[in-house]
Structure formats: C-alpha cells, structure tokens
Amino acid sequence: MLENLLQILGRSGFSLKGFGPLLLQGSWMTVKLSFLCLLVSVGLGLIGASAKLAKSAMLRIPAQAYTTLIRGVPDLVLMLLIFYSLQTWLTSLTEALGWDYIEINPFSAGVITLGFIYGAYFTETFRGAILAVPRGQMEAATA
C-alpha cells in the first residue's frame, strides 16, 4: 500500500529533490510508532491506575514506585537505559535458560520504551480522573 502511494507521488512530482519517498516512509513509521505506543501506554496506565487505587499495599507500592521513578528521570535517559538494558537482560535470560539468542529490533524496543515511559504519565492521569468523579456519581453508575 505504501509502495503504491510512493510510486504515485513520485510520478506526480512529489520528489522534494529525491527525498519525498524517504519523508513519506518516515512519516508512516512515525504514525505506526505513535499508535502502538499509545496502545501500550494506555494499557499500562489503566493497570497502574487500578493498582494505585487498590486497597492492597502489595499493588499500591510498586505502582507508586513505577510512577515516581519514571516521571522523575528524564525521558532521554530512560530511553537509552531501557533500550540498551532490555536487550542485555534478554540476552542474560536466554543464556541462563539455554535458549537461542533473541534480538529485539529497534522498532519494537522503541514501542516498548515509549509505552513504558508514557504509561507512568497515563497512570497519574487516569488515577486523577477516577478520583475526580464524585462519590454519588460512582454509586449511581454502580446501581
């Protein structure tokens, strides 16, 4: 599909001195990355918000540590740390279990990393949104 679009735009003069197809590929990659990161981060955010609002301290404490740590460290530092350490941890795990080497491709690592980082922000957003609903409305919704 993307190849057909690139061919059509290439014939119509959308070359931008030869960089048009590269810009379109990069734009499409950005859209895919954004959508997948959104799915991962919303999922982590909902899980984290549920854990932070739980009565059990075994759920609340790790969720609190996750959001505090991730939101307190700069995103670029976390991106580099998670990107490189995730592959190292996976290599160590596969060696310990006697499995074949597994390599994470950069796109998947980017989705996991950005989803993990923004999941902490979504956790606090969802937690605040849930707490902002008045108790009477919660009871009415339950009924």
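Anything mentioned here points back to the structure above.
Calculation notes
Residues numbered from 1 in each chain as written. Predicted model: local features only at pLDDT ≥ 70, side-chain atom pairs only at ≥ 80, totals over all residues. Heavy atoms only, no water. Salt bridge = Lys/Arg side-chain N within 4 Å of Asp/Glu carboxyl O. Helix = DSSP H or I, 4+ residues; strand = E, 2+ residues; numbered from the N terminus. Buried < 20%, exposed > 50% of the residue type's maximum accessible area, 1.4 Å probe, protein only.

What the rule picks out here adds up to three salt bridges. Two residues, lysine 52 and glutamate 124, come together in a salt bridge whose shortest N-O distance is 2.2 Å. You can see lysine 52 sitting in helix α2 (residues 20-52) and its partner glutamate 124 sitting in helix α5 (residues 106-132), a full 72 residues away along the chain. Neither residue differs from the other here; lysine 52 and glutamate 124 are each classed as buried. Salt-bridge contacts for arginine 127 lead to glutamate 124; the nearest nitrogen and oxygen are separated by 3.0 Å. Taken as a pair, arginine 127 and glutamate 124 lie in helix α5 at a separation of three residues, close to a single helical turn. The exposure class assigned to glutamate 124 is buried, which follows from its relative accessible area of 15%.

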